[in-house]
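Residues per chain, in single letters:
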Amino acid sequence: MIAVDGIKVLLFGAAADRAGTRETVLFAEGITLDELWPLIAERYPGLSPMRDTLAFAVNGEYARGDTRVSPGDEVAVLPPVSGG
Amino acid sequence: MFAFLEGPIDVGALISAAQRPDCGAISTFVGTTRIDESERASVKYLEYEAYRPMADRKLEEIGAEIERRWDVREVSIVHRLGRVGPCEASVVIVVASPRRGPAFEASRYAIDRIKEIVPIWKCEIWSDGHVWVGSQVGTRERASPP
């Protein structure tokens, strides 16, 4: 069980594959998605080459890089979708 | 009906459920698992995963978009998750409308929007490794990004 007093980061598809995990927690406050990214990439360097292809969601909705995230939020790292 | 299913989709049941006295057309789109082959390998099956419940909400959003644009009386979208074998239905879209035009157009719109906004990912499991479609990330040699 992962503690909830951080920012919960979920990884999917190719991003989960590259990171070798589907879920992690980062501790940061009052930062934007753009500022969160280096923390994610530092923990999982294999993700770095995918940066330009990724979209993000905050609490289940697509979010831009300037969206602020706080402890308790859920950030999802979304590779290009490929349903159908 | 908007749903994700771990098992086979009952296409006939979805069509039957869309039959209504005020509709003269039911259009059905079935996306099936295409098996690509290269010289020395072939796709064995697909694996789908989704970010839920966001993906469920996005299917409902597509349904709402369709109802705003066209006169349709019933929209169903059902997508598979997990392992999907060759030729199986991975997605089924059923639209009922009083007239055929909106039924055709709305089902085309639905599959296009699924491929744009619904957080679903498809992984091809080949005989010699796997590839995440769209990212080209995986264990197959040719899948490695430049």
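Here's a quick rundown of the structure. Here the structure is a predicted model, which means the values were calculated and not measured.

1. Section: the nonpolar core
Most often, soluble globular proteins have nonpolar side chains that are buried together.
Move 1: Core analysis: the largest hydrophobic core is formed by 56 residues, its most contacted members being F12, A15, A76, V77 and L78 of chain A together with V95 of chain B.
Move 2: Element by element, the count of residues in this core is highest for strand β6 (residues 89-97) of chain B, at 6 residues.
Move 3: Ignoring anything within four residues of it in the chain, the contact list for F12 of chain A reads A76, V77, L78 and P79 of chain A together with E49, Y51, P119 and W121 of chain B.

2. Some words on the sheet that holds strand β4 (residues 74-80) of chain B
Hydrogen bonding along the main chain pairs the strands of a sheet, whether they run parallel or antiparallel.
All names here are of chain B.
Move 1: On the basis of which strands lie adjacent, the open sheet formed by 4 strands has the order β1-β4-β6-β2 and mixed pairing. The open sheet has two edge strands with one neighbour each: β1 (2-5) and β2 (25-32). This sheet shows a mean twist of 10° between the axes of neighbouring strands, independent of strand direction.
Move 2: Here β2 pairs with β6 via 8 bridges, running antiparallel. Opposite A25, over in β6, you have S97 as the bridge partner.
Move 3: Sitting on the sheet, helix α3 (residues 100-117) is in contact with β2, β4 and β6, with an inclination near 145° to β6.

Cut-offs used in this document
- Residues numbered from 1 in each chain as written.
- Chains lettered and ligands numbered in written order.
- Predicted model: local features only at pLDDT ≥ 70, side-chain atom pairs only at ≥ 80, totals over all residues.
- Core = buried A, V, L, I, M, F, W, Y, C linked by C-beta atoms within 7 Å.
- Buried ≥ 20, exposed ≤ 12 C-beta atoms within 10 Å, placed from the backbone.
- Helix = DSSP H or I, 4+ residues; strand = E, 2+ residues; numbered from the N terminus.
- Contact = placed C-beta atoms within 7 Å.
- Pairing = 2+ DSSP bridges.
- Axes fitted to C-alpha atoms, helices over the stretch in contact; angles between N-to-C directions.

Keep in mind these numbers describe shape, not what the thing actually does.
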